[in-house]
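Now for the letters of each chain:
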Amino acid sequence: MRNMMPKTVALLAGSALLAAGTAHADRSEWPDNFTVGTASQGGTYFVYGSGWANFISDELGVSGGGEVTGGPTQNLALVHSGDMAFGLTTMGPASDAVKGESPLAPGLAMDNVCALFPMYETPFSIAALSSSGIESISDIPDGARIGFGPAASTSDTYFPAILETLGVEFDRRNGGWSDLGGQLQDGLLDVIAFAAGIPIPAVSQLEVQTDVNIIEFNEDELVTVLENFPVAEFTIPASTYTTLEEDARAVSMWNFAIAGCDLPEDFVYEVTKATMENNDRMRSVHRSAETTIPENIVHNTVLPFHPGAARWYEENGYDIADDMIN
């Protein structure tokens, strides 16, 4: 891990900053601009990340924006290398990255990636056109053309293995969510297997244009997936989509915003403060941000927190173990 300023110095600096307020903070080491790695257009990451970047830019007066990427796995690599200041990722790919098991950089332990704040859980869900007759996972025919999202995304990393474990044989396809949604509507795909925050924009758009089946895991399938993958049980509320008449069983992974560990501590403190103290603004970016609250920092057991983020949490009564701070 990279050595940041001692905690006592950081706390003293924090006290001074708190007294002075954001407007009078020493910005001499702050970046002139920043970029947030998101994912493909049509997915929740792009909407959430771009909206959050715009909010932080407005709040702190630093030029910033979201950028289309390959998703969580690539975002880890881009933040680690310093090509992007911030990114969005999921705990599964993050665990692989810190262990040097990222498919994008095998053997490289990504130690310049720090956690900022919890975003939301990513449910793994499946959609097909109603006209296909596919109403359950067991209905998916052998050789079905399934879109798994961008290559190396959370969905593409885990969903094919999940379906294989459940006995599904398929033809694997990749692409951005908007593009895959169009292919499904045009009959070029049979199924889309999503791992994205809900409501997924591409699914909501499909619902407007055609009849869609949201396919849940049955009880036996759920048990099998929970036993074999780093996921948790999740329920997609019926209110998420007009298609759903009742809650649907699914599984999920937590998502966290990440930052380069070598970003200035005061800058990251102010970014964290703005995000954690304005949940109403975050929910206006995407309604999944209702879980973008400090209580959910407990769901990160993988990445060290950036010292600037940790300072805000500790000042506000949220304990973080010393070995979980970079």
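Below or above, wherever it landed, is the structure these notes cover. For every chain, the first residue of its written sequence is number 1, and the numbers climb from 1 along that sequence. Given that this is a predicted model, residues contribute local features only at a pLDDT of at least 70 and side-chain atom pairs are listed and counted only at 80 or more, while totals for whole chains, interfaces and linings are drawn from all residues. Note that water and hydrogens are dropped before the side-chain values are worked out from all heavy atoms of the structure.

### Looking at the overall build of the protein
Piece 1. Of regular secondary structure, the protein possesses 11 helices and 10 strands.
Piece 2. With the C-alpha coordinates aligned to their principal axes, the bounding extent of the protein is approximately 65 × 40 × 30 Å.
Piece 3. Taking the 13 positively charged and 45 negatively charged side chains of the protein as two groups, their mean positions are separated by 5 Å. Strands are runs of DSSP state E lasting at least two residues, helices are runs of H or I lasting at least four, and both sets are numbered from the N terminus onward. Under the convention used here, Asp and Glu are negative, Lys and Arg are positive, and both His and the chain ends fall outside the count. A single reference atom marks each charge: NZ on Lys, CZ on Arg, CG on Asp, CD on Glu.

### Here's the deal with the state of the cysteines
Piece 1. Here, two cysteine sulfur atoms that lie within 2.5 Å of each other are counted as a disulfide. With the rule as written, the count across this model stands at one disulfide.
Piece 2. The side chain of Cys114 participates in a disulfide bridge whose partner is Cys261; the two sulfur atoms lie 2.2 Å from each other. Measuring the twist about the S-S bond at about 110 degrees, one finds the Cys114-Cys261 disulfide to be right-handed. One end of the pair, Cys114, is in strand 4 (residues 113–129); the other, Cys261, is in the loop between strand 10 (248–260) and helix 9 (265–276), and 147 residues separate them in sequence. Accessibility classification places Cys114 together with Cys261 in one group, the buried group. The buried label goes to any residue with under 20% of its type's maximum accessible area, the exposed label to any with over 50%, and the partly exposed label to all in between, with areas taken from a 1.4 Å probe on protein chains only.

### Details of the nonpolar core
Piece 1. Among the nonpolar cores identified, the biggest contains 52 residues, and Phe34, Trp52, Phe86, Leu116, Phe117 and Tyr313 are the most heavily contacted of them.
Piece 2. Among the elements that line this core, the one with the most residues is helix 2 (residues 44–60), at seven residues.
Piece 3. When checking whether two residues touch, look at their non-hydrogen atoms; a contact exists if any pair is within 4.5 Å. Phe34 has contacts with Ala53, Ile56, Ser57, Val62, Ser63, Gly64, Gly65, Ala85, Phe86 and Phe267, leaving out every residue within four places of it along the chain. Take the buried Ala, Val, Leu, Ile, Met, Phe, Trp, Tyr and Cys residues and link them wherever side-chain atoms come within 4.5 Å; each set so joined is a nonpolar core.

### Points about unusual backbone geometry
Piece 1. Ile198 connects to Pro199 through a cis peptide bond whose omega is -5 degrees.
Piece 2. Structurally, Pro199 can be placed in the loop between strand 7 (191–195) and helix 7 (201–209).

### Regarding the environment of Ser131
Piece 1. Here Ser131 shows up in the loop between strand 4 and strand 5 (144–147).
Piece 2. For Ser131, a relative accessible area of 71% puts it in the exposed group.
Piece 3. For the pair Ser131 and Ala115, spaced 16 residues apart in sequence, the C-alpha separation works out to 43 Å.

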